[in-house]
Amino acid sequence: MQTELSKKLGIEYAVFGFTPFPAVAAAISRAGGFGVLGAVRYTAPDDLKRDLDWIEAHVEGRPYGLDVVMPATKVEGVTEADVEAMIPPGHREFVRDTLAKYGVPELPEGEAAGWRITGWMEQVARTQLDVAFDYPIRLLANALGSPPADVVARAHERDVLVAALAGSARHAVKHRAAGIDVVVAQGYEAGGHTGEIASMVLTPEVVDAVDPLPVLAAGGIGSGRQVAAALALGAQGVWLGSLWLTTTEADLHSPALTRKLLAAGSGDTVRSRALTGKPARQLRTEWTDAWDDPAGPGTLPMPLQGLLVADAVSRVQRYEVDPLLGTPVGQIVGRMTEERSVQAVFDDLTRGFEQAVDRVVRVAGRSGR
Ligand SMILES: Cc1cc2nc3c(=O)[nH]c(=O)nc-3n(C[C@H](O)[C@H](O)[C@H](O)COP(=O)(O)O)c2cc1C
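Let us look at the structure shown here. (Residues numbered from 1 in each chain as written. Predicted model: local features only at pLDDT ≥ 70, side-chain atom pairs only at ≥ 80, totals over all residues. Heavy atoms only, no water.)

Okay, unusual backbone geometry next. The omega torsion of the bond from Asp211 to Pro212 falls at 10°, within 30 degrees of zero and hence cis. Within the secondary structure layout, Pro212 lies in the loop between helix H9 (199-210) and strand E8 (215-218). Residue Pro303 is bonded to the preceding Met302 through a cis peptide linkage, with omega at 5°. Of note, Pro303 is situated in the loop between helix H12 (286-292) and helix H13 (304-318). The phi angle at His253 is positive, at roughly 60°, despite the residue not being glycine. By secondary structure assignment, the location of His253 is in the loop between strand E9 (237-240) and helix H11 (255-263). The phi torsion at Glu320 lies on the positive side, around 45°, for a residue other than glycine. The topology assignment puts Glu320 in the loop between H13 and helix H14 (342-366). Using a relative accessible area of 29% as the deciding quantity, one classes Glu320 as partly exposed. (Helix = DSSP H or I, 4+ residues; strand = E, 2+ residues; numbered from the N terminus. Buried < 20%, exposed > 50% of the residue type's maximum accessible area, 1.4 Å probe, protein only.)

Here it is in structure tokens:
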């Protein structure tokens, strides 16, 4: 499973894995793919340093990357406290009432909300980059738009490829104009922030729109058959996020959440603004239902919504309040039915890929080609 891009990065399989967990990122790279650590939750530079040190120590010299979230619409010169002050009291009341309805306890004294959103503010993302550029990362990805020109230039000076996620061909063309090297075409099925176009339509559209830039297909990929389909659509590799959540190396801190993921079907997710203020696919829960209910106050724009719910999300996770407990995840969750090691996932992907390619070759042969 080699493409021009995988050869350029020196990896065996053109399988890129986004993950918030250092152990998963290192395992993906060790298995012959390309692990990309999601940095959004690192609001303290020392925490990011600690985890990049850990990856360095466990990646056996294989290449890896980092993903930051610099939204295209920026909140300039504004602190977290300024943003907090913009949240209407009625919304705070709605959060309080909803938590009270389910009897969700407060966090213990001194325990800060683990789930913070300030990584979505450009100034925080920049502190992450200051740390990351001291490490031999080979790729820097950005989630919500093209990164600023100075960041692209800084990456290129260090021979770091820059990738950006795109939910439409229009976004992808903007990325190309911004000097991005790799476009991740992320379809509607994907976990996390998504657009409205399904991967089957999006991938070839983006491939054609940015040709000859390499495109990675993301969204709904969980088997070798789907990897083969993505390459057939013109992608130079695949970018997976959901599948790693139920690997044994993932650290969800919640057996109840793992159980929910393993039990969920492909129809059990929803694209909701409840978590961040922008549409993000996640498990459908009574929490997302409450926010999506027209009788409720409605969600706030990013980054207000994320700040508003940060404490609530941490409390729900801390106490594993089942009806409210969720996570970003894509429709492929329906095929995530057992906990497996990252290596076992890779073995399955590569075997399935070979079988799919053989099948297509056989079918093409039968039709007389
Ligand atoms: C739990 C979770 C968190 C995510 N957070 C981010 C993020 O911080 N930055 C980003 O670029 N993409 C994020 N994504 C999207 C992934 O990078 C990837 O594009 C997506 O998961 C691919 O689709 P799939 O979920 O069907 O594999 C996240 C996905 C999941 C499942």
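Back to the text.
On to the environment of Leu48. With respect to the secondary-structure elements, Leu48 resides in helix H3 (residues 45-58). Residue classification places Leu48 among the buried positions, given a relative accessible area of 0%. With 79 residues separating them in the primary sequence, Leu48 and Thr127 have C-alpha atoms 9.8 Å apart. Apart from the residues within four sequence positions on either side, Leu48 is in contact with Leu37, Tyr42, Leu66, Gln128 and Val131. (Contact = heavy atoms within 4.5 Å.)

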